[in-house]
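Each chain, written out:
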Amino acid sequence: MAEKKQDVYNMGISLFNMGEGYKFLGDYEKSIDHTFRAIKILEGKGYTTIEPNLYSGLQSTYYKLKQYDKSVEYGIKGIELARAYKTEGVLMVLLENMGHCYTDMKQFVKAGQHYDEAITLARKNNNKFVENICFQGKVDIALYEKKYGDIKSFSERTLQLSQETEDAAGICISYHNLALYHLLTNDFNRAYGQAMTALKMARDNKLIEYEARTLGQLVLITAAKQDIPEALNLSRQFYDLYGKIFTDGVAQKDAEMRTRFETEKKETQIILQQAQLKQKSTINYFLIAGTIGLLFISLLTYRNYKHHRKLQQAKIDDLEKEKLLTATEAVLKGEAQERSRLAKDLHDGLGGMLSGIKHSLSSMKENLIMTPDNAQAFERSIDMLNSSINEMRRVAHNMMPEMLVKYGLDTALKEFCNEITASGATNVNYQAIEMENADINQMVSVTVYRIAQELVNNAIKHGKPKEVLVQLHLHRQEKLLALTVEDDGTGLDIQSLHESQGMGWKNIQSRVDFLKGKLDVQSLPGSGTSVMIEINI
């Protein structure tokens, strides 16, 4: 409507709001595109109350992408405009987001300065929400700087603000941070009480991610209290909940893609039915108006019509297959994104906290005088903390191997095979042919890696082999990538494999179909199994 009226102001506002909408949907590329289009239309046109918002939107989008340099660049631009135009509401949000950005960049002095200025503006404008978020950020700074007293005072302030605004998530975070303070100061009973309050708040308000964070914290507290059975029980709850978060995330993306696919399919069917009705009306007209002399021509027309219907149906079948592949691609991308996000959360969030607690406990040990029994119990607690760190890193690595993202498919598969061999499960030999400097799309790399994982795990689980061979061969001239997994195990019945209802083989088959690849299985009971997959890249 704005374009029809050449209404520049509302064209820019609409583009900006669409950019914010795409940001909430997680489509950051479209979000950035629409925001830049809004800036192009509105910048320099005298809309002083709008321009700082545009750069605030870009700042938060690049922050979510962890592109901190660009987030800072557009944040500074937004702050300059907000100061010049004296738009304090936008300025306090920009300062708050800059505090988050500098905290993640470990530039704590700058982060604290931005938080403090935002808090002053928030109090001036009676914006308790922004003040609350800034004090939560200052808790993170105090934790990194080991100023435990500040953690307590900041957390008490966020609790007061959250209760005044009836912010359930803020209340939950505040109790979580108070529990952290008591844990760091060795008051384990009070830490346990505060964490249990946070857990109840999270469960009552269905804040599933805060529930998971608090369960992880309670594992540490109960371990410090030497209540090992309770620590193990809470640990199982923690991993079960993280598994549910991952499964629900993939299921939601799958449901969204299926809904979109079904809608497009129905629209296609309506158009097809309308075309068929139109054709039938034309044919009926010629049959009624025709004479016996035109009967032969009518029969030929009908025959051509049937042939055309078959061609149409074939095209529709191809279209439906393409739509299904598109839906599968979306699900696999969603799975990869969720795995990557959870892996980062586990490694960067919980991993950092666990390592910090381990360091604090080790420092405490040097300054405490303990009986031999207490010293032994203390050592067991640290050992269990080490085991928790290693288990967390293993889970994060399995969700999204760092080698795959940083160094590519060849290096990631080689590391995977070496890890299996080192574990003692079986001896896995890896061969790479023509893979030097191979440039393979990341989605293809992730999918092939998951296929190889599933095939090797299936071989170990069902075939009990002594040797497994994994070979990755890039045929550069034919632009083919071949993956071969062979074992000397007990073999299998190929017919029963195709009739299997297990998810493992179905996952392999669906991933190969998604890549439009060819799958060949050779096996006989007692003589091992060979699986070869060819993918056109």
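Residues numbered from 1 in each chain as written. Predicted model: local features only at pLDDT ≥ 70, side-chain atom pairs only at ≥ 80, totals over all residues. Heavy atoms only, no water.

Caption draft 1: Spotlight on helix α16 (residues 409-423). Over its 15 residues, α16 runs 21 Å from end to end, which matches the ideal 21 Å to within 8%, given 1.5 Å per residue. All buried positions along α16 are accounted for by L409, A412, L413, F416, C417 and I420. Projected down its long axis, α16 shows its buried positions confined to an angular sector of 130°, all on one face. (Helix = DSSP H or I, 4+ residues; strand = E, 2+ residues; numbered from the N terminus. Expected span 1.5 Å × (residues − 1). Buried < 20%, exposed > 50% of the residue type's maximum accessible area, 1.4 Å probe, protein only. Arc of directions from axis to C-beta.)

Caption draft 2: Inspection of the packing of aromatic side chains at higher detail. Applying the stated criterion across every chain yields a total of 9 aromatic pairs. Where Y9 meets Y47, the ring centres are 5.1 Å apart and the plane angle is 55°; that geometry is what we call tilted. Here Y9 is found in helix α1 (residues 8-25), whereas its partner Y47 is found in the loop between α2 (28-42) and α3 (51-64), with 38 residues between them in sequence. Ring centres of F416 and Y449 lie 6.0 Å apart, and the angle between their planes is 65°; this geometry places the pair in the edge-to-face category. Here Y449 lies in helix α17 (residues 442-463) and F416 lies in helix α16, a separation of 33 residues in the sequence. You can call F416 buried: its relative accessible area is 7%. (Phe/Tyr/Trp six-rings, centres within 6.5 Å; stacked < 30°, edge-to-face > 60°.)

Caption draft 3: Here's a closer look at the nonpolar core. Within the largest apolar cluster, 52 residues are counted, with the highest numbers of intra-cluster contacts made by L183 and I357. Per-element tally for this core: the top contributor is helix α5 (residues 88-104), with 8 residues. Not counting chain neighbours up to four residues away, the residues in contact with I357 comprise L180, L183, L184, L220 and L385. (Core = buried A, V, L, I, M, F, W, Y, C linked by side-chain atoms within 4.5 Å. Contact = heavy atoms within 4.5 Å.)

Caption draft 4: The side chain of T484, seen in detail. Here T484 shows up in strand β3 (residues 480-487). Apart from residues lying up to four places away in sequence, T484 is in contact with L469, V470, Q471, S530, V531 and M532.

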